Amino acid sequence: MTRSTLRALLALPTALLLGACSKLFFTVQNVKVDDSSIQSVVFDSAHDLSLDIHRAKNASGKVPVVVFIHGGSWQTGTRQDYRFVGQSLSNAGMLVFVPDFRQAPQVAFPAFVEDSARAVAWARDHASEYGGDPSRIFLIGHSSGAHITAMLGTDAQYLKAVGMRPRDLAGIVGLSGPYDFLPITDPKLKPIFNPLSRWPLSQPVNFVNGDEPPFLLVQGTSDSTVYPRNTTSLAAKLRAQNEPVQVEMVEGAGHLTTLLESTKDDSNVRARVLEFVRGAMGQADAH
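Trainee: Help me understand the pattern of salt bridges in this model?
Mentor: Oppositely charged side chains can pair when the atoms bearing their charge come close. Taken as a whole, this structure holds 14 salt bridges when the rule is applied. Here D133 and R136 are joined by a salt bridge, their closest N and O atoms 3.1 Å apart. For R136, a relative accessible area of 27% translates into the label partly exposed. A salt bridge links E261 to K264, with the shortest nitrogen-to-oxygen separation between them at 3.2 Å. In this structure K264 comes out as partly exposed when scored by relative accessible area, which is 39%. Residues joined by salt bridges that share partners form a network here, namely D35, D52, R79, R83 and D100.

Trainee: Can you help me understand the side chain of Q246 in this one?
Mentor: Residue placement: Q246 occurs in strand β8 (residues 245-250). Separated by 2.7 Å, the side chains of Q246 and R272 make a polar contact.

Trainee: Looking at this model, I keep getting lost on the pairing of strand β3 (residues 63-69). Mind explaining?
Mentor: Within a regular strand, the side chains alternate between the two sheet faces. The element β3 is extensively covered by neighbouring structure, given that seven of its seven residues are classed as buried. As judged from the six bridges shared by β3 and strand β5 (residues 132-142), these two strands associate in the parallel manner. Bridge assignment links F68 to a residue of β5, and that residue is I140. Pairing of β3 with strand β4 (residues 95-99), which is carried by three bridges, proceeds in the parallel orientation. Considered in β4, the bridge of V66 is made with V96.

The rules behind these values
- Residues numbered from 1 in each chain as written.
- Predicted model: local features only at pLDDT ≥ 70, side-chain atom pairs only at ≥ 80, totals over all residues.
- Heavy atoms only, no water.
- Salt bridge = Lys/Arg side-chain N within 4 Å of Asp/Glu carboxyl O.
- Buried < 20%, exposed > 50% of the residue type's maximum accessible area, 1.4 Å probe, protein only.
- Helix = DSSP H or I, 4+ residues; strand = E, 2+ residues; numbered from the N terminus.
- Polar contact = N/O pair within 3.5 Å; in protein donor to acceptor, adjacent residues only side chain to side chain.
- Pairing = 2+ DSSP bridges.

Here's what the structure looks like:
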């Protein structure tokens, strides 16, 4: 693939990248990934779910653990698509787990949240075997994956079911996530969250009550897929409970930009994410 072709692909609208061109997009992102360094393990045999393990590079001692939850409107995507994310974070000295979860239309909310909770519990139970520190588990998610991570960090029932609490997490990074998206107007999404009476149960903003871990919320100001108000709404709820939260608004960025920028060595987004995971984040900022 030529550089001009790559530039043209990355310039496509988000809707196209996430549609017919998505496989090509992820192929491009993963072209330099060393698949031989990735180990895959079944973490939920009952539902035939596996996760990819990216061991930390150039690190000593017990390293921070990241569970990355991928996006795809709760309907598409695979852990293999996001190997470039796992490699990027492991290159920064982190142990990274990228799990599967069941998707619509085979399941509806909250099955994918429950699956992700089991992946987090597996990461906690096995982190030490791969050089990770089980007391420093961070969740990072993009788009619908950010929604899932926020649900785990706000609605305690999901982690309680696997013997954990939200504050057992060292922190959560949400990239372009939907946290306050009612009413649901997209006919493709309604079946995932129906019936209407249960819609409020799917909104992370409705469960912020003061038992949350620290949050870093990254959002593009020009995102037309997940509107920035989702980030500002969740941040306001967290601040009202005196919970540590930082917000990084990326001027002019679209929906995929936050994900891509989180993997670029010279990106401010990546710098903020790594600072957060390495424990350098202070209390809530003044945004």
